[in-house]
Amino acid sequence: MRQPVYYEELKEIEKLPVALPKVTGPLPNTDESYPFNAANRQQKPFDLAKYGYVEEEYLISGYANVYEYHDVGLYPKIRCQDGSYCTRILVRRPRDPHKQSDFAILEIFNYAGAERAFAGWGYCAEYILSRGDVWVGITIRQNAVDNLKKFDAVRYAALGFPNPVPLDKRKQGRTLTGEMETKESGEFESGLAYDAMSQAAALLKSKTLQNPLYGSSISGKAARYVIGMGASGCDLSLYAAALQPFATIDGKNPCFDGFHIHMTGYPGCISNGETRFEANDDRCKIMTNVPLVWTQTMGDMRGGGIHPSYSYMYRWPDSDLPGRQHRQYEIAGAALGMDWDMAVCPCAEDLQKYNGEGKEFPLERHFGEIPFHYVIRAVLDHLKKWIRYGIPAPKSAYIEMEGEYPDADFVLDEHGNPKGGVRSPYVDVPVCTYTWKDEPGAVRNIITPFSPEKLKSLYPTHDVYLRKVVKSVMEMIQNGFLLPEDASEIIMEAMDAAVPE
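What this report covers is the structure whose coordinates are included nearby. Residue numbers run consecutively from 1 along every chain, following the written order of its sequence. This being a predicted model, a pLDDT of at least 70 is required before a residue's local features are given, and a value of 80 or more before pairs of side-chain atoms are given or counted; all residues contribute to the totals for chains, interfaces and linings. To obtain the side-chain values, all non-hydrogen atoms of the structure were included, while hydrogens and water were left out.

Let's talk about the packing of aromatic side chains
Note the threshold: Here a pair means two rings of Phe, Tyr or Trp (six-membered ring of Trp) with centres within 6.5 Å. Their orientation is stacked below 30 degrees between planes, edge-to-face above 60, and tilted elsewhere. Exposure is judged per residue with a 1.4 Å probe applied to protein chains only, and the accessible area is read against the type maximum: over 50% gives exposed, under 20% gives buried, and values in between give partly exposed. Secondary structure elements follow DSSP: runs of H or I of four or more residues count as helices, runs of E of two or more count as strands, with numbering from the N terminus.
Summed over all chains, the structure comprises 18 aromatic pairs. With a centroid separation of 6.0 Å and an interplanar angle of 70°, the aromatic rings of F118 and Y123 are classed as edge-to-face. Like F118, the residue Y123 is buried in the burial classification. Summarising the aromatic geometry, the rings of Y239 and F256 are spaced 5.2 Å apart at their centres and angled 70° between planes, so their arrangement reads as edge-to-face. Here Y239 is found in helix α4 (residues 235–242), whereas its partner F256 is found in the loop between α4 and β8 (258–262), with 17 residues between them in sequence. The class for F256 is buried, based on a relative accessible area of 1%. The rings of F46, Y51, F109, W121 and W135 are connected pair by pair, giving a single aromatic cluster.

Examining helix α10 (residues 462–479)
Counting along an α-helix, one turn takes 3.6 residues, and residues three or four places apart therefore face a common direction. Cut-off, in case you're wondering: By definition here, a helix of n residues has an expected span of 1.5 Å times n minus one. Each direction from the helix axis to a C-beta atom contributes to the arc, which is the arc of those directions. Residue contacts are counted whenever heavy atoms from the two residues lie within 4.5 Å of one another.
A rise of 1.5 Å per residue sets the reference length of α10, with its 18 residues, at 26 Å; its end C-alpha atoms lie 26 Å apart and thus fit the reference within 8%. Looking only at α10, the buried set comprises Y465, L466, V469, S472, V473 and M476. The buried residues of α10 occupy one face: seen down the axis, they fall within an arc of 125°. Turned more than 90 degrees off the buried face of α10, the exposed positions are R467, K471 and Q478. Among the structural elements, α7 (373–389), α8 (425–428) and α11 (484–496) are those in contact with the buried residues of α10. Where α10 terminates, the next one or two residues include G480, which has phi positive at roughly 95°.

Quick notes on the environment of V134
Considering the arrangement of structural elements, one finds V134 in strand β6 (residues 134–138). A C-alpha to C-alpha distance of 8.2 Å links V134 and A223, two positions 89 residues apart in sequence. Excluding its chain neighbours within four sequence positions, the residues that come into contact with V134 are V91, R92, R93, P94, Q100, F103, A104, I105 and L213.

What to know about the nonpolar core
The following threshold applies: The criterion is simple. A nonpolar core is a set of buried Ala, Val, Leu, Ile, Met, Phe, Trp, Tyr and Cys residues joined through side-chain atoms within 4.5 Å.
If you look at the biggest cluster of nonpolar residues, it comprises 78 residues, and the most contacted ones within it are W121, W135, F372 and Y465. If we ignore the near neighbours within four places in the chain, the residues touching Y465 are V429, V431, Y459, A494, A497 and V499. In this structure, Y58, L213, L292 and Y354 belong to the second largest nonpolar core, which totals 74 residues.

Some points on α7
With 17 residues, α7 extends 24 Å between its outermost C-alpha atoms, agreeing within 8% with the 24 Å of an ideal straight helix rising 1.5 Å per residue. Among the 17 residues that make up α7, 14 are buried, leaving the element largely enclosed by the rest of the structure. At the C-terminal side of α7, G390 shows a positive phi close to 75°.

Considering the environment of S190
What counts, and what does not: Under this definition, polar contacts are N or O atom pairs within 3.5 Å; protein pairs additionally need one hydrogen-donor-capable and one acceptor-capable atom, and for neighbouring residues in sequence, both atoms have to be side-chain atoms.
Examined against the element boundaries, S190 turns out to sit in the loop between α2 (142–151) and α3 (193–205). On a C-alpha basis, the gap between S190 and D463 in space is 56 Å, while along the polypeptide they are 273 residues apart. Ignoring any residue separated from it by four or fewer positions in sequence, one finds S190 in contact with I140, R141, Q142, F161 and N272. Only 3.0 Å separates the side chain of S190 from the backbone nitrogen of Q142, close enough to count as a polar contact.

Here's the deal with the state of the cysteines
Spelled out, the test is: Disulfide: a pair of cysteine sulfur atoms within 2.5 Å of each other.
On inspection of all chains with the given rule, the structure shows zero disulfides. Take C269: it sits in no disulfide, and the sulfur closest to it among the cysteines is that of C234, at 6.0 Å. Judged by relative accessible area, which is 17%, C269 ranks as buried.

Details of empty space enclosed by the protein
Over the atoms, a rolling probe the size of a water molecule traces out where space has been left empty. In plain terms, the rule: Put simply, the grid is 1 Å and covers the protein atoms alone, a cavity is a trapped set of points that fit a 1.4 Å probe, a pocket is an open set with protein on both sides within 12 Å along at least five of seven lines, and lining residues have an atom within 4 Å of a point. Grid points are joined across faces, edges and corners, and a volume is the space filled by probe spheres set on the points. As a working rule, the residues Ala, Val, Leu, Ile, Met, Phe, Trp, Tyr, Cys and Pro are called nonpolar, Asp, Glu, Lys and Arg charged, and the rest polar, with Gly in that last group.
Scanning the entire structure with this criterion turns up two cavities of 30 Å³ or more. Its volume calculated, the largest cavity comes out at about 50 Å³. Grouping the amino acids of the lining of the largest cavity by side-chain chemistry returns 10 nonpolar, one polar and one charged. Volume-wise, the second largest cavity comes out at about 30 Å³.

Re the side chain of S206
As for its position among the elements, S206 is in the loop between α3 and β7 (225–230). Residue classification places S206 among the buried residues on the basis of a relative accessible area of 10%. Engagement of the side chain of S206 in a polar contact is seen with the side chain of T208, the distance being 2.8 Å. When sequence neighbours within four positions are dropped, the list of residues in contact with S206 reads L20, N211, Y214 and A222.

Brief notes about the packing of α2 against helix α6 (residues 348–355)
Operational definition: Structural elements are reduced to axes, namely lines fitted to C-alpha atoms, with helices fitted over the stretch in contact, and the angle between N-to-C directions of any two is expressed from 0 to 180 degrees. Just so you know how the angles are binned, under 35 degrees is roughly parallel, over 145 roughly antiparallel, 65 to 115 roughly perpendicular, and the rest oblique. Handedness of each helix crossing follows the sense of rotation of the near helix against the far helix: counterclockwise by less than a right angle gives left-handed, clockwise gives right-handed.
The contact between α2 and α6 brings their axes to 6 Å, and the two run at 115°. Our classification of the angle between α2 and α6 gives roughly perpendicular. Remark: the crossing between α2 and α6 carries right-handed chirality. Of α6, the residues touching α2 (which contributes A144, N147, L148, K150 and F151) are D350, K353, Y354 and N355. Of the residues contributing to the contact of α2 with α6, the split by class is four nonpolar, two polar and three charged.

Digging into the pairing of strand β10 (residues 326–330)
Quick note on the threshold: Any two strands with at least two DSSP-identified bridges between them are counted as paired.
The buried fraction of β10 amounts to five of the five residues, a majority that puts the element mostly inside the structure. On β10, burial covers both faces: H326, Q328 and E330 on one face and R327 and Y329 on the other are all buried. Of the pairings in the sheet, the one linking strand β9 (residues 292–296) to β10 comprises five bridges and is parallel in character. Looking at β10, one finds that V293 is bridged to R327.

Taken by themselves, the reported measurements are silent on function.
Right, dumping it as structure tokens:
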């Protein structure tokens, strides 16, 4: 057992091979003990066997650093070294390694949303399964660990991120911009999770028996490429900006080969007592050494709502240059989330054990809601080609904005919908107006259907409307933001729509 080393003077990060974690598992499953958020125990159960996939849960443990970043400079420095941690990974992979692709997607569980994984698994599960990709979820926050122990105290007894910083050296302060100061100096340090992410990615690539992919059978197959993906606050963007340049499997090749960050993107707090970056900090314009794509919704672009992240502030020009490979996609009209996002949330029975909120969520899609998961899938497909073949992802205009920070707002068309951004039939052949809510905690858009009179003036017949939708769908495919396999669903929806009434 190593003893943590605290540095009075911050230590520079060295570009060294990442140590592989210790692996325990797969953990046995019984009727009483099983993974939290198992595929077959989601709000909408998912039958992995139908796709030839298996699900396994492992514990990974090792040693990690505590960093400081906010007031340090372009990259963080080490405050404390060799803090121990233990977390879990949930692996979904093809049962037959010969059917496994070269890609593994490592997704951060959304600790604010009961360990949901809606950006990767939620929006892209069918895509992932149809391509033979591996999906791995990782827990990165102590508050999630605490709830996991409520769910199954025995199964998750070893999990935790104990704070290695000496008690008298622990910081108190704000963790998010605008939050009150914390009263406790912290028994736990979730900042250890950033090195755990590096180690998990390196593990998936390793040709070692502890790799759940390689050591799972005689013909096991390690991942050749690992994509970091998630919609977990600002943690993945922080990792990409701060630590990705230093995390390698051999001193040269990176642990992660690309990133797909959905929704809130500007870097967060790297350790206890650190403050999340302000939106006008240039470090929010993430530049890293592998291809990185962001997908943003209307709810991320400005202040207000549950994500007042002002993401229009950290735009910077699309680039194909090494070390600057970057795309930001802003989906016109899209809300932060929809009711059917909750399909990948754990079932009510498991939620009750986890946090005492055994809720069954409505999973229907409401009229007019923009199914932006089609864009997420297409962007993931482009990212994989960029990583593997060097084919740059397509470019898109930004959503048009007017005014200055922090009061900038959308430029609207004659229907009250935003101009620019990634276009779809929902805004180019509209039947609704999409207005973003500014109330704190707001997740949904205000969707206002057009009047029958307006629909009739825009689309004299249903055939006129359908032809315009098909044309817009074809343009979306041509522009690279819709996979052909998803196009039929949008067209079928238009065929069934009562437009005009």
